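A closer look at the structure
Chain by chain, the residues:
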Amino acid sequence: MDIDSQFSTVLGRTSIFIGTRSSPNTPAMAQNIILHLDYDCFYASVFEVEQPALRSLPLAVQQKQIVVTCNYEARRRGLHKLQLIKDAKRICPDVVIVLGEDLTKFRNASKELYLLVRALVWGGRVEKLGFDELFLDVTEMIDYNVEMLNPNDLAHSFFHLDRQDPTEGFIYDASQFCGSTFPVTEVAPATPDLSSLGMRLLVASHLQGHIRSKLEHQIGFTATGGISTSKLLAKLVGSVHKPNGQTTLLPPYESTPEEDSNVLKFLDEHEIRKIPGIGSRMAQKLRTHLTGKEDSDEKVTVRDVRLFPGMGPASLEKILGGPGSAKGIGSKMWNVLHGVDTSEILEGRDLPTQISIEDSYGRLDTLEAVRRELVVLSRSLIRRMRTDLVDETSRWRAHPRTLRLSTRPRPPPGSETGRTYQSNRISRSVPLPGFVFHLEEHVDALAERLVQESVLSMFRRLHPDKSWNLSLLNLAVTNLVESAGEQQSRDIGKMFQQQVEAEVDVSDEWDDEPLASLDCVLCGYPIPLFAIEAHQMYHAQ
Ligand code: DGT
Ligand code: MG
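As a starting point, this report considers the structure included with it. (Residues numbered from 1 in each chain as written. Chains lettered and ligands numbered in written order. Predicted model: local features only at pLDDT ≥ 70, side-chain atom pairs only at ≥ 80, totals over all residues. Heavy atoms only, no water.)

1. Structural notes on the packing of helix α14 (residues 367-389) against helix α16 (residues 443-462)
Defined as follows: Helix axes use the C-alpha atoms of the stretch in contact, all axes being lines fitted to C-alpha atoms, and the angles between their N-to-C directions lie in the range 0 to 180 degrees. Helical segments are the DSSP runs of H or I of at least four residues, strand segments are the runs of E of at least two, and each set is numbered from the N terminus. Orientation categories follow fixed angle ranges, with anything under 35 degrees roughly parallel, anything over 145 roughly antiparallel, 65 to 115 roughly perpendicular, and all other angles oblique. Less than a right angle of anticlockwise turn of the near helix away from the far helix marks a crossing as left-handed, whereas a clockwise turn marks it as right-handed. A contact between two residues is defined here by any heavy atoms of the two lying within 4.5 Å. Each residue receives one of three labels: charged for Asp, Glu, Lys and Arg, nonpolar for Ala, Val, Leu, Ile, Met, Phe, Trp, Tyr, Cys and Pro, and polar for the others, Gly being one of them.
The interhelical angle for the contact between α14 and α16, taken along N-to-C directions, is 125°, at an axis separation of 8 Å. Here α14 is positioned oblique relative to α16, judged by the angle of their axes. Where α14 crosses over α16, the two elements pack in a sense that is right-handed. Contact residues: α14 offers Leu367, Val370, Arg371, Leu374, Val375, Ser378, Arg379, Ile382, Arg383 and Arg386, while α16 offers Val443, Asp444, Leu446, Ala447, Glu448, Leu450, Val451, Gln452, Val455, Leu456, Phe459 and Arg460. Across the contact of α14 with α16, the residue classes tally to 13 nonpolar, 2 polar and 7 charged.

Right under this line is the structure:
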């Protein structure tokens, strides 16, 4: 027996504990409790909240020539996400179409929803994924509330939302789950084990119900929720009852020699592409390996892959590895196929790490056209900086230090494959000029000046040749440093560290030239990278 199939036997049949931060033998009590939220038809809901009359009409949100999302009334009439506008109009002639090119209102709604949820979760352990998904680590709240249960009267329980204020919370029935479960169950056990994973998940299902109801009644958005022990499982089980539903993945989470765990039963039926973390290229490689055919579009499920002869971390590494793939991809994917995901909730800063605006073009090949587009992008960028970084008292909460321009040149026809072309961005960075932060000046004037004084020179350095044709322009501010002000006493080293990390990030992702110096957040002087440590000591004295 080779190493792969030994591993496969072990993971396929014996105990698997999932979602723990530590080793697979951590007892059940140590498992985290994770909630996932995904707002229903998010962009469309933003318009519905603004104009409630839209709720009963088929509504589609347009970007370029595409329906990026549509409400559920439109879906009932045969429309779906990422459909051509012309097809949508043909299928549903009375569809109401609204323009969703400007993302400001979606970003603002997303932030409002996030802040409401974060205020509810102890320790603020909430991770935001894109505009419309949240992961919540509610382990501490759940364990506290399980301890507070009265086993003789579960039906009249009180969920404590605040340890200091015993009146803060809501009444709930802890003798049954809130919402749906997988697999479907009628009732909770008559004599529940209060320390069991099942009881913790049951209590968590009521918290999830409470949060969803708050989002709906306070802000007007419905969301779909999942309840389990890891981000992977909470997200996946959440999609079972959509929209406006929630699902808890029930124990057992461990397989026995006689029976697969509910985790495996749940995952096994999924088409591999539906599993978070398995993208289309990875799914295609797996399909090809299993069917022996290039470009196979046969349905391949998690079970098919998991039980395929010889399958295991090493063979997955061979199938999925190669240039551009993450290190250890084989064991990572083997874990995913068994529902094992130990990734932590990354608590969000409510400050972005960078702000970037881009647009794509059919043809962009004259300097005048580029200049015009750069002014449009600069205007949006400065507006976004003002929305996201200026507080209610008109003070900048953070100063981006770097301005980056990226372009994607169109290769001459027939010279490159589509894939190479997709990733063919080039970029340049310069320090962001200080005048951009002048709030008293008009955005249009600032945008013109920024293009004239900084962006065009970056552009010329990127494209010294006379002739080019671009399919994309992206303008970004990066390297955000929280403003000093009242935080003067904060760790200066940390502020520099933020800048350095941001810079490393940038050069990893983009083909950037690293900056030779960073501006000190306290005195404003540009400090060469090699001298930062000494400069920190100077301020710390
Ligand atoms: P859902 O969750 O199925 O009820 O519908 P949505 O609309 O919430 O879809 P979701 O969760 O996949 O994405 C959230 C928002 O992100 C969605 O309202 C529109 C936008 N969006 C989703 N996919 C794409 C895409 O491929 N391109 C663009 N431009 N926007 C997208
Ligand atoms: Mg959604």
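2. Re the site of ligand 1
We apply this condition: If a single non-hydrogen atom of a residue is within 4 Å of a molecule or strand, that residue counts as near it. Any pair of N or O atoms that falls within 3.5 Å is considered a polar contact. Within protein, one atom must be able to donate a hydrogen and the other to accept it, and sequence-neighbouring residues count only if both atoms are side-chain atoms. Methods summary: accessible areas were calculated by the Shrake-Rupley approach with a probe of 1.4 Å, and residue burial reflects only the protein chains presented. Domain start and end points were adopted from an automatic or database domain assignment.
Neighbouring ligand 1 are 15 residues, the closest being Cys41, Gln63, Thr69, Tyr72 and Asp132. Thr69 places a side-chain nitrogen or oxygen 2.5 Å from an oxygen atom of ligand 1. Between an oxygen atom of ligand 1 and a side-chain N or O atom of Tyr72, the distance comes to 2.6 Å. Here ligand 1 has 590 Å² of accessible area as a free molecule, and 71% of this is covered by the chains. Listed by contribution, the elements that provide at least two residues to the shell around ligand 1 are β1 (34-39), α2 (42-50), β3 (66-70) and α3 (72-76). Across the shell around ligand 1, the residue classes tally to 7 nonpolar, 2 polar and 6 charged. The two domains that each donate at least three residues to the shell around ligand 1 are domain 1 (27-40 + 106-248) and domain 2 (43-101).

3. Let's talk about the environment of Ile85
With respect to the helices and strands, the residue Ile85 is situated in helix α4 (residues 85-91). Separated by 20 residues in sequence, Ile85 and Gln65 have C-alpha atoms that sit 5.6 Å apart. Discounting residues that sit within four places of it in the chain, Ile85 has contacts with Gln62, Gln65, Ile66, Val67 and Ile97.

4. Description of the coordination of the magnesium ion (ligand 2)
In plain terms, the rule: Think of the donor list as every N, O and S atom within 2.8 Å of the metal, or within 3.2 Å for Na, K and Ca; water never makes the list, so a site can look incomplete. Site shape is set this way: if four donors have all angles between 85 and 135 degrees, tetrahedral; if opposite donors are over 155 degrees apart and all others between 65 and 115, square planar for four donors and octahedral for six; otherwise irregular. Accessibility here uses a 1.4 Å probe with only protein chains present; expressed as a share of the type maximum, an area under 20% marks a residue as buried, one over 50% as exposed, and anything in between as partly exposed.
Looking at the magnesium ion (ligand 2), the protein donor atoms are Asp38 (OD), Tyr39 (O) and Asp132 (OD), and they sit 2.1 to 2.2 Å from it. One can describe the site at the magnesium ion (ligand 2) as octahedral: its 6 donor atoms subtend angles covering 81 to 171° at the metal. Site description for the magnesium ion (ligand 2): donor spacing in sequence, D-Y-x92-D. With Asp38 in strand β1 and Asp132 in the loop between β6 (126-129) and β7 (133-137), the pair connects residues that are 94 residues apart, well separated along the chain. Looking at Asp38, the relative accessible area reads 18%, which means it is buried. Its relative accessible area of 18% is what places Asp132 among the buried residues.

5. Observations concerning the environment of Leu472
For Leu472, the position within the fold is in strand β16 (residues 470-482). Note on Leu472: relative accessible area 3%, which makes it buried. If we skip the residues at most four places from it in the chain, Leu472 touches Glu358, Asp359, Ser360, Tyr361, Ser406, Thr407, Arg408 and Arg425.

6. Thoughts on the sheet that holds β16
As a reminder of what qualifies: Two strands make a pair as long as DSSP finds a minimum of two bridges between them.
Read across the sheet, 4 strands follow the order β13-β16-β14-β15 without closing on themselves; strand pairing throughout is antiparallel. Edge positions in the open sheet fall to β13 (355-360) and β15 (426-431), since each of these has one partner strand only. Each strand axis lies, on average, 15° off the axis of its neighbour in the sheet, ignoring direction. Bridge analysis of strand β14 (residues 398-409) against β16 gives 11 bridges, and the strand direction is antiparallel. Its bridge partner lying in β16, Pro400 is registered against Leu480. With respect to the sheet, α14 is in contact with β13, β14 and β16, its orientation differing from that of β16 by roughly 30°.

7. Topic: the pairing of β16
Note on strand geometry: in a regular strand, side chains alternate between the two faces of the sheet. For β16, a buried count of 13 out of 13 residues is recorded, marking the element as mostly surrounded by other parts of the structure. Note that β13 and β16 share 6 bridges and pair antiparallel. Paired with Glu358 across the strands is Asn474, a residue of β16.

8. Focus on the packing of aromatic side chains
Each aromatic ring pair is characterised by the separation of its centres together with the angle its planes make. Spelled out, the test is: Two aromatic rings, drawn from Phe, Tyr or Trp (for Trp, its six-membered ring), form a pair once their centres lie within 6.5 Å of each other, and the interplanar angle then sorts them: stacked below 30 degrees, edge-to-face above 60, tilted otherwise. Criterion for a charge above a ring: Lys NZ or Arg CZ within 6 Å of the ring centre, and within 35 degrees of the ring normal.
Counted by the stated rule, this structure contains 13 aromatic pairs. Judged by centre distance (6.5 Å) and plane angle (45°), the ring pair of Tyr43 and Phe131 falls under tilted. Of this pair, Tyr43 sits in helix α2 while Phe131 is found in the loop between β6 and β7, placing the two residues 88 residues apart along the sequence. Assessed through its relative accessible area of 19%, Tyr43 is described here as buried. Classification of Phe131 by relative accessible area gives partly exposed; the value is 22%. Grouping aromatic residues by their ring pairs yields a cluster made of Tyr39, Phe42, Tyr43, Phe47, Phe106, Phe131 and Phe221. Cation over ring: Arg163 sits above Tyr144, and NZ or CZ is 5.9 Å from the ring centre. Sitting over the face of the ring of Phe135, Lys231 holds its NZ or CZ atom 5.5 Å from the ring centroid.

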